[in-house]
Amino acid sequence: QVQLVESGGGLVQAGGSLRLSCAASGSIFRIDTMGWYRQAPGKQRELVAAVTSGGSTNYADSVKGRFTISRDNAKNTVYLEMNSLKPEDTAVYYCNAKPPYNYILRGALDAWGQGTLVTVSS
């Protein structure tokens, strides 16, 4: 099993910055890609950013140029630095870890954190 614990959420004014952290523990070898998703009230959960074990990243168009995802494999931690925050960024942010393909074939599921609330005021 993989356990994910997020931290760093809070209240920030528009234009401000916030840094989220997600620490993974347990069966770390089951992790391939890690990412951040968010879900606003009444909306579907969406991918914000992801980073592979090799360091490749991708971002949602809405956050490109403002958010940066990074990964510290030694600490088993992924970060999301959020700059120039907008009210529309307000959501619960969830850390996600996807197993390698070999483990998916064996029935492994994504691991999810409990979520951390980010509120951006105007």
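These numbers were taken from a predicted model, which means no experiment stands behind them.

Caption draft 1: Structural view of the sheet that holds strand β3 (residues 18-26). Overall, antiparallel pairing links the four strands, which are arranged β1-β3-β8-β7 in an open sheet. Single-partner strands in this sheet number two, and they are β1 (2-7) and β7 (67-72). With direction set aside, neighbouring strand axes in the sheet form an average angle of 15°.

Caption draft 2: Representation of the nonpolar core within the structure. With 29 residues, the main nonpolar core has Leu-4, Met-34, Trp-36, Leu-80, Met-82 and Tyr-93 as its most contacted residues. Among the secondary structure elements, those contributing two or more residues to this core are β1, β3, β4 (34-39), β5 (46-51), β7, β8 (77-82), β9 (91-97) and β11 (116-121). With residues up to four places along the chain from it excluded, the contact list for Leu-4 reads Cys-22, Ala-23, Ala-24, Met-34, Cys-95, Asn-96, Ala-97, Ala-111, Trp-112, Gly-113 and Gln-114.

Caption draft 3: The arrangement of the state of the cysteines in detail. In the structure shown here, the tally under the stated rule is one disulfide. Across the disulfide from Cys-22 sits Cys-95; the S-S distance is 2.1 Å. The S-S bond linking Cys-22 to Cys-95 shows a torsion near -85°; that makes this disulfide left-handed. Taken as a pair, Cys-22 in strand β3 and Cys-95 in strand β9 lie far apart in primary sequence, 73 residues in all. Across the pair, exposure class does not vary: Cys-22 and Cys-95 are buried alike.

Cut-off values and rules
Residues numbered from 1 in each chain as written. Predicted model: local features only at pLDDT ≥ 70, side-chain atom pairs only at ≥ 80, totals over all residues. Heavy atoms only, no water. Pairing = 2+ DSSP bridges. Helix = DSSP H or I, 4+ residues; strand = E, 2+ residues; numbered from the N terminus. Axes fitted to C-alpha atoms, helices over the stretch in contact; angles between N-to-C directions. Core = buried A, V, L, I, M, F, W, Y, C linked by side-chain atoms within 4.5 Å. Buried < 20%, exposed > 50% of the residue type's maximum accessible area, 1.4 Å probe, protein only. Contact = heavy atoms within 4.5 Å. Disulfide = S-S within 2.5 Å.

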